[in-house]
Amino acid sequence: MHEMAVAQSLMAVALQEAARQNCGRILALRVDYGAIAGIMPEALEFCFQSLVAGTPHEGAVLELRRLPLKLRCAMCNARFGGEEQDALWQPCPQCGEEVGHIVEQGRELLLARLEAAPL
C-alpha cells in the first residue's frame, strides 16, 4: 500500500510549510489528485488518520478532491476527457484518432490547501 508513503510525504511537506509560517499543528489538508494518479482515497484517508493519531495533529482533516482526466489529441489538438482512465482509450471526438492522446490533467497529486495553527 503506497498510500502510507504518500501520507507521510504530504505530512512532511505540510509540516515544513507550517514551520515556515511559525505554526506547529496541522488542522486540515486538501489534496487534489488526478483520476489516473493511482490513489485509493479510502486507503489514503486511513493512512493519514493513522499517521496523525497520538500526535499534536490528531483530529486533522484530510479533504480529498479528485480531478477529472483531461486529454488533448496529438493529431488535431482537440481537448476532451472523462472521469475514469477508460477515457485514455476512447477515440478523439473530433477526428477519431485512437492513440497518442496527451494527458493534460489526471496524474497530479497536489497539496492544494494547508490549515495550521501554533502549538
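What counts and how
- Residues numbered from 1 in each chain as written.
- Predicted model: local features only at pLDDT ≥ 70, side-chain atom pairs only at ≥ 80, totals over all residues.
- Heavy atoms only, no water.
- Helix = DSSP H or I, 4+ residues; strand = E, 2+ residues; numbered from the N terminus.
- Expected span 1.5 Å × (residues − 1).
- Buried < 20%, exposed > 50% of the residue type's maximum accessible area, 1.4 Å probe, protein only.
- Arc of directions from axis to C-beta.
- Contact = heavy atoms within 4.5 Å.
- Pairing = 2+ DSSP bridges.
- Axes fitted to C-alpha atoms, helices over the stretch in contact; angles between N-to-C directions.
- Core = buried A, V, L, I, M, F, W, Y, C linked by side-chain atoms within 4.5 Å.
- Salt bridge = Lys/Arg side-chain N within 4 Å of Asp/Glu carboxyl O.

Engineer: It is not clear to me how helix α1 (residues 3-20) should be interpreted in this structure. Could you clarify?
Structural biologist: In an α-helix, one turn spans 3.6 residues; hence positions three or four apart end up facing the same way. Its 18 residues place the ends of α1 26 Å apart at the C-alpha level, agreeing with the 26 Å of an ideal helix rising 1.5 Å per residue. Taken together, the buried positions of α1 are Glu 3, Val 6, Ala 7, Leu 10, Met 11, Ala 14 and Ala 18. Down the axis of α1, the buried set is contained in an arc of 130 degrees. They therefore lie on one face. Exposed residues pointing more than 90 degrees away from the buried face of α1 are listed as Gln 16 and Arg 20. Buried residues belonging to α1 abut β1 (25-34), α2 (41-52) and β6 (109-117). The first or second residue beyond α1 is Asn 22, which carries a positive phi of 60 degrees.

Engineer: Quick question: what am I supposed to make of the sheet that holds β1 here?
Structural biologist: By definition, the strands of a sheet pair up through backbone hydrogen bonds, in either a parallel or an antiparallel sense. Within the open sheet, the 3 strands sit side by side as β2-β1-β6. Their pairing is mixed. Since the sheet does not close on itself, it has two edges, and those belong to β2 (61-67) and β6, each with one partner. Strand-to-strand twist across the sheet, computed as the mean angle between neighbouring axes with direction ignored, equals 15 degrees. Both β1 and β2 contribute to a ladder of 7 bridges, which runs parallel. Residue Ala 28 lies in a different strand from β2, and its bridge partner there is Val 61. Across the sheet, α1 is in contact with β1 and β6; its angle to β6 comes to roughly 50 degrees.

Engineer: Looking at this model, I keep getting lost on the nonpolar core. Mind explaining?
Structural biologist: Most often, soluble globular proteins keep nonpolar side chains buried together rather than apart. Met 11, Ile 26, Leu 29, Leu 44, Phe 48 and Leu 62 are the most contacted members of the largest nonpolar core, which has 18 residues in total. Every element with two or more residues in this core is listed here: α1, β1 and α2. No other element matches α1, which puts 6 residues into this core. Residues in contact with Ile 26, not counting those within four places in the same chain, are Met 11, Ala 14, Leu 15, Ala 18, His 57, Ala 60, Leu 114, Glu 115 and Ala 116. Ranked by size, the runner-up nonpolar core spans 9 residues in total, among them Leu 69, Phe 80, Ala 87 and Val 103.

Engineer: Hey, could you run me through the pattern of salt bridges in this one?
Structural biologist: When their charged atoms lie close together, side chains carrying opposite charge are able to pair. Across all of its chains, the model carries 7 salt bridges by this definition. Between Glu 17 and Arg 20 there is a salt bridge, with the nearest N and O atoms lying 2.9 Å from each other. Separated by 3 residues within a single helix, Glu 17 and Arg 20 lie in helix α1, roughly one turn from each other. Using a relative accessible area of 30% as the deciding quantity, one classes Glu 17 as partly exposed. By relative accessible area, Arg 20 is classed as exposed at 60%.

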